[in-house]
Amino acid sequence: MIYYVLRYVLLGPLLRLLFRPRTEGLEHVPAEGAAIVAGNHLSFADPLFMPAVLKRRITFLAKVEYFTAPGLTGRLTASFLRSAGQIPVDRSGRAAGQAAIQEGLGMLAKGKLLAIYPEGTRSPDGRLYKGKVGVALMALAAQVPVIPCAMVGTFEIRPPGRVLPRIRPVAIRFGEPLEFSRFAGMEPDRTVLRAVTDEIMYAILGLSGQEYVDRYAADVKAGQAKGRRG
């Protein structure tokens, strides 16, 4: 109930009024059945815009910090994600990552639409970073299509260092589904997982027009934090 109140009465109309999100390629998102939507991750607002424009309910593998963020925006985000049945992901270790993958596979087995950010964290500078292979592992293990998605303009809403968000139009672009049946049963092969992940990231890149960086965003952020401490 809370999910529908937020989507159709409170949060959804507010997002459409302020940011006027423009959508492209909605026809590529299946009306039913299991699938993965894999997107770039530029802003705290990304997991709010996507459910607001999709016709069917979508479940996110959302980092646990989204459920504990302070302030009004943080509370609204947490309420929306919880009411939508989103899955908090603890990124503190390998075992936690495996648990998240099993949770995601469980949702796909139920025929749900699952959203994943392959970069694993928000981009620190608006560029597109190397994807982690969990998205490929789930796509191959569940034998489901992957719909690439690009958020455009959300980084500028609140870039690093800015406290108050800017009000500006955004776009959400969905690409043609990618299917990887040719790799069925090959998910233990790390080389295959890397190739599938790179194909997904290339599709996202084509939709977003971002500059690509062949490094993990988390490593870049860690380096920046170390530099500030030094």
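These figures come from a predicted structure and were not determined experimentally.

1. Considerations on the environment of P88
Turning to step 1, where the next piece is worked out: Structurally, P88 can be placed in strand β4 (residues 87-89).
Turning to step 2, where the next piece is worked out: When the C-alpha atoms of P88 and L61 are compared, they prove to be 6.2 Å apart, with 27 residues separating the residues in sequence.

2. Digging into the pairing of strand β5 (residues 113-116)
Turning to step 1, where the next piece is worked out: Burial along β5 is two-sided: L113 and A115 and L114 and I116, pointing in opposite directions, are all buried.
Turning to step 2, where the next piece is worked out: Pairing analysis gives 4 bridges linking strand β2 (residues 35-39) to β5, with the strands arranged parallel. Counted as the bridge partner of V37 is A115 from β5.

3. Let's talk about helix α6 (residues 190-208)
Given 3.6 residues per turn, any residue in an α-helix points the same way as the ones three and four places further on.
Turning to step 1, where the next piece is worked out: With 19 residues, α6 extends 27 Å between its outermost C-alpha atoms, agreeing within 8% with the 27 Å of an ideal straight helix rising 1.5 Å per residue.
Turning to step 2, where the next piece is worked out: Listed as buried for α6 are V192, L193, R194, V196, T197, I200, M201, A203, I204, L205 and S208.
Turning to step 3, where the next piece is worked out: Of the surrounding secondary structure, the elements contacted by the buried residues of α6 are β2, β6 (128-129), α5 (134-142), β7 (146-152), β8 (171-174) and β9 (212-213).
Turning to step 4, where the next piece is worked out: At the C-terminal side of α6, G209 shows a positive phi close to 75 degrees.

Scoring rules and cut-offs
Every chain is numbered on its own, with residues counted from 1 as its sequence reads. Residue-level local features of this predicted model are given only where pLDDT is at least 70; pairs of side-chain atoms are given and counted only at 80 or more, and the full residue set underlies all totals for whole chains, interfaces and linings. Think of the side-chain values as coming from all heavy atoms in the structure, minus any hydrogens and water. Secondary structure elements are taken from DSSP: a helix is a run of H or I of four residues or more, a strand is a run of E of two residues or more, and numbering for both begins at the N terminus. Relative accessibility under 20% of the residue-type maximum defines a buried residue, over 50% an exposed one, and the middle range a partly exposed one, all with a 1.4 Å probe and only protein chains included. For two strands to count as paired, DSSP must find a minimum of two bridges between them. The span one expects for a helix is its residue count, reduced by one, times 1.5 Å. Contact between two residues is taken to exist if any of their heavy atoms lie within 4.5 Å; hydrogens are not considered.

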